[in-house]
Amino acid sequence: RLSAGTAPQGRLLCGPGLRRSGAGLLVTKCGLLRHRPGGGGAYWVDSQQKRYVPVKGDHVIGIVTAKAGDVFRLDVGGSEPASLSYLAFEGATKRNRPNVQVGDLIYGQFVVANKDMEPEVVCIDSSGKSSGMGIIGQDGFLFKVSLGLIRKLLAPKCEIIQELSQLYPFELVLGMNGRIWVKAKTVQQTLIIVNILEACEYMTAEQRKQALAKLSGN
Amino acid sequence: QVWQIRLDMHLLNHDGNITDAASIAGIVALCHFRRPDVSVQGEEVTVYTPEERDPVPLSIHHMPICVSFAFFHQGTYLLVDPTEREERVMDGLLVIAMNKHHEICTIQSSGVVMLLQDQILRCSKITAVKVAEITELIQKALENDQKARKEGGKFGFAESIPNQRITAFRMESAAVDTNDVEEQAGEIIAKAEPPSEVFASPVLHTPGTAQIGEGIESSWGDLEESEKEEAAEEEGESEVAAFECEKVQTEDTSTLRETKSDVPIVLSDSEEEEVVILEPQELPRKTR
């Protein structure tokens, strides 16, 4: 239980892992409690998790599992498949359908995601532009990591990605549901990047720098 | 007496093949469980609390364990205990549940692979070897736990998890010299002959099973018994390494290295009335 120190100015933000109950806060996940003092303050619990729960606004990578009329079924790693309408792509009309096959990878964001309804994914933002979303290209490699690593990689100026980009040029798509898609020039380079990203969960910064130094030395 | 027992399984983390792990966890949980003792006198039923009388174990007659096989390339390649990535790209899956008396309890085939009779027989032989090892592991773990409880040592889930030690990505690193791999690969490709023509003509083996197309001849038919036992032993060893990561730590893993040679099938304390033994029929050998 948290005890309020000085009376906070402005609104205190209650982040993931915390829940309001009556006058106090309850912790719902195990992890480290973090605090951000700026702008009224925010508290949240940093927890390690591999299982994804759909959240509205999250950008995720989904796998198309079925085509049902006008709607595609996407596996996003949650408890049920999400639906994606064929009109939810940039420039898609009834005549101009997007070329989506079963087994394709889609990068989209959740427009509906709560515990009572089936989640819905779209590949356009509020102004109708795709802004990087849509069908992910051919080849490449998709793998799964924990959600904490994704958040670390998505932080601005992430060291891991900067160090990796010095190694080989590659394309990278990060989904908040724990999925990462990588594509480099050759299969071997792709697999090396995949192995490093997977191992980054447990390596310290020192070990990572050593591993990368060994690789770029060879 | 009729008791209703409920088994809840929580999956914390997995890297594929949840069926096998869940079957082992379930049967061990049931073997380990103790229920309250009961005495019935006429119409009176007295249920004793754990303080009054020691709880008694359930009557488990046998321990069925599942073993999964993943098939690739229309049955050419077989993998025992597939990982998550292998499961995603496999053609077909065969799950065999067997107990240590070599009785098949469940057999389930899914996917788009047509399996031959001798393939299924080979799989059941591999299953028998694996189930024997796993059952022995389970017995040891249950004995250790019982000993620890009697002597007042530490036991339980929290104690069995290795502390301060990361067990993910644990594999023996094999140093691979990749300096001139590309040249070597190029040489091999240049020297190899192009693959021969494949004619699609269905071969009818027995009524009900047919095989269409054969790229590479399956070499299972030529395996000697001893070779197969060695192969199974190797799989058993790598399986042991995986167990150390995920299951209860047991002390003597060294005894597993001495795999028993072909144990004669013991039918004595099995409860089956009528036992059907699968025998391989004489199948016409394909010639190239």
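Residues numbered from 1 in each chain as written. Chains lettered and ligands numbered in written order. Predicted model: local features only at pLDDT ≥ 70, side-chain atom pairs only at ≥ 80, totals over all residues. Heavy atoms only, no water.

An unreviewed UniProt entry lists chain B under the name EXOS9 protein, with Hypocryptadius cinnamomeus given as the organism.

An unreviewed UniProt entry annotates chain A as Exosome complex component RRP40 of Hypocryptadius cinnamomeus. In its Sequence similarities (unreviewed entry) section, the UniProt record describing chain A reads: "Belongs to the RRP40 family." (UniProt positions renumbered as here; feature names shortened; annotations may be inferred.)

Now for the packing of helix H1 (residues 18–32) of chain B against helix H3 (residues 117–151) of chain B. All names here are of chain B. Between H1 and H3, the least distance of the axes is 11 Å, while the angle of their chain directions is 35°. Of the two elements, H1 crosses H3, and the hand of that crossing is right-handed. Contacts from Ile24, Ile27, Val28, Cys31 and His32 of H1 reach H3 at Ile134, Ile138, Leu142, Asp145 and Arg149. (Axes fitted to C-alpha atoms, helices over the stretch in contact; angles between N-to-C directions. Helix = DSSP H or I, 4+ residues; strand = E, 2+ residues; numbered from the N terminus. Left-handed = near helix turned anticlockwise from the far one by under 90°. Contact = heavy atoms within 4.5 Å.)

The nonpolar side chains of soluble globular proteins are, as a tendency, buried together. Residue and element names in this part refer to chain A. Counting 28 residues, the largest nonpolar core has Leu74, Leu84, Phe89, Ile106 and Phe110 as its most contacted members. Among the elements of the structure, strand E6 (59–68), strand E7 (71–75), strand E8 (82–85), strand E9 (105–112) and strand E10 (120–122) are those that each provide at least two residues to this core. Here this core gathers at least three residues from each of two domains, domain 2 (58–135) and domain 3 (141–216). Excluding residues within four positions of it along the chain, Ile106 makes contact with Val60, Ile61, Gly62, Val64, Leu74, Leu84, Phe89, Val100, Cys123, Gly134, Ile135 and Ile136. (Core = buried A, V, L, I, M, F, W, Y, C linked by side-chain atoms within 4.5 Å. Buried < 20%, exposed > 50% of the residue type's maximum accessible area, 1.4 Å probe, protein only. Domains from an automatic or database assignment.)

Below, the discussion takes up H3 of chain B. In this model H3 of chain B runs 51 Å from its N-terminal to its C-terminal C-alpha over 35 residues, within 8% of the 51 Å that 1.5 Å per residue would give. Downstream of H3 of chain B by a residue or two, Gly152 of chain B has a phi angle that is positive, lying close to 85°. (Expected span 1.5 Å × (residues − 1).)

Turning next to the sheet that holds strand E8 (residues 104–111) of chain B. All names here are of chain B. Overall, antiparallel pairing links the four strands, which are arranged E6-E5-E7-E8 in an open sheet. Strands with a single pairing partner mark the edges of an open sheet, and in this sheet they are strand E6 (77–80) and E8. Direction aside, the axes of adjacent strands within the sheet are offset by 20° on average. Of the pairings in the sheet, the one linking strand E5 (residues 65–72) to strand E7 (residues 92–98) comprises seven bridges and is antiparallel in character. By the bridge assignment, Ser68 is partnered in E7 with Val95. Where H1 meets the sheet, it contacts E5 and E7, and its direction lies at approximately 175° from that of E5. Here H3 sits on the sheet in contact with E5, E6, E7 and E8, set at roughly 140° to E5. (Pairing = 2+ DSSP bridges.)

Feature annotation in UniProt assigns "domain: Exoribonuclease phosphorolytic" (unreviewed entry) to the following positions: residues 2–36 and 62–126 of chain B. Across residues 2–36 of chain B, helical content stands at 43% and strand content at 6%; the span's end C-alpha atoms are separated by 13 Å.

Turning our eyes to something else, we now look at the packing of aromatic side chains. Residue and element names in this part refer to chain A. This model, assessed by the stated rule, comprises two aromatic pairs over all chains. Aromatic side chains Tyr52 and Phe110 sit 6.3 Å apart centroid to centroid with 20° between the ring planes, which places their arrangement in the stacked category. One end of the pair, Tyr52, is in the loop between strand E5 (42–46) and E6; the other, Phe110, is in strand E9, with 58 residues separating them in the sequence. On the accessibility criterion, Phe110 (2% relative accessible area) is buried. Ring centres of Phe141 and Phe143 lie 6.4 Å apart, and the angle between their planes is 35°; on these two criteria the pair is classed as tilted. Across the ring face of Tyr86, the terminal group of Arg97 is positioned such that the distance to the ring centre comes to 4.1 Å. (Phe/Tyr/Trp six-rings, centres within 6.5 Å; stacked < 30°, edge-to-face > 60°. Lys NZ or Arg CZ within 6 Å of the ring centre and 35° of its normal.)

Looking now at a nonpolar patch on the surface. Together, Trp3, Ile5, Phe33, Val40, Val45 and Val47 of chain B make up a nonpolar patch on the protein surface, roughly 540 Å² of accessible area in all. Positionally, Phe33 of chain B belongs in the loop between H1 and strand E1 (34–35). (Patch = residues over 30% accessible without salt bridge, like charges linked within 9 Å, V, L, I, M, F, W, Y side chains within 5 Å. Areas by Shrake-Rupley, 256 points an atom, 1.4 Å probe, with all protein chains shown as cover. Salt bridge = Lys/Arg side-chain N within 4 Å of Asp/Glu carboxyl O.)

Turning our eyes to something else, we now look at the environment of Asn114 of chain A. Residue and element names in this part refer to chain A. Note on placement: Asn114 falls in the loop between E9 and E10. When the C-alpha atoms of Asn114 and Lys56 are compared, they prove to be 7.6 Å apart, with 58 residues separating the residues in sequence. There is a polar contact of 3.0 Å between the side chain of Asn114 and the backbone nitrogen of Met117. (Polar contact = N/O pair within 3.5 Å; in protein donor to acceptor, adjacent residues only side chain to side chain.)

This part takes up the sheet that holds strand E14 (residues 179–184) of chain A. All names here are of chain A. The strand order E12-E14-E13 describes an open sheet built from three strands, whose pairing is antiparallel. A strand with exactly one partner marks an edge of an open sheet, and here the two such strands are strand E12 (141–144) and strand E13 (170–174). Between one strand axis and the next, the sheet turns by 20° as a mean value, whatever way the strands run. In terms of strand pairing, E13 meets E14 through five bridges, oriented antiparallel. Bridge assignment links Phe170 to a residue of E14, and that residue is Ala184.

Taken together, the four bridges between strand E2 (residues 18–21) of chain A and strand E3 (residues 24–27) of chain A define a ladder with antiparallel strand orientation. From the neighbouring strand, Ser21 of chain A faces E3 of chain A, where its bridge partner is Gly24 of chain A.

All names here are of chain B. Confidence along chain B averages 73 in pLDDT terms, with 58% of residues attaining 70 or more. Every residue in residues 222–268 is under pLDDT 50, and counting partners more than four places away or in other chains gives 45 contacts. Predicted confidence for residues 282–288 stays below pLDDT 50, and this span has nine contacts to residues more than four positions away or in other chains. Here the complex is predicted with pTM 0.66, and the ipTM for its interfaces comes to 0.73. (pLDDT = per-residue confidence, 0-100.)

This part covers the side chain of Arg208 of chain A. Along the chain, Arg208 of chain A falls in helix H4 (residues 205–217). Take Arg208 of chain A: its relative accessible area is 6%, and that puts it in the buried class.

Residues and elements named next belong to chain A. Counting across every chain of the model gives 14 salt bridges over all chains. Here Arg208 makes a salt bridge to Glu163, at a shortest N to O gap of 3.2 Å. Placement of the pair is Arg208 in helix H4 and Glu163 in helix H2 (residues 159–167), with a sequence separation of 45 residues. When sorted by exposure, Arg208 lands in the same class as Glu163, which is buried.

Let's shift gears to the packing of H2 of chain A against helix H3 (residues 187–199) of chain A. All names here are of chain A. Relative to each other, H2 and H3 sit at 160°, their axes nearing to 12 Å. Classified by the angle their axes make, H2 and H3 are roughly antiparallel. Of the two elements, H2 crosses H3, and the hand of that crossing is right-handed. Here H2 contributes Ile160, Leu164 and Leu167 to the contact with H3, which in turn contributes Ile193, Ile196 and Leu197. Here the contact of H2 with H3 is built from residues that sort into six nonpolar, no polar and no charged. (Parallel < 35°, antiparallel > 145°, perpendicular 65-115°, else oblique. Nonpolar A, V, L, I, M, F, W, Y, C, P; charged D, E, K, R; others polar.)

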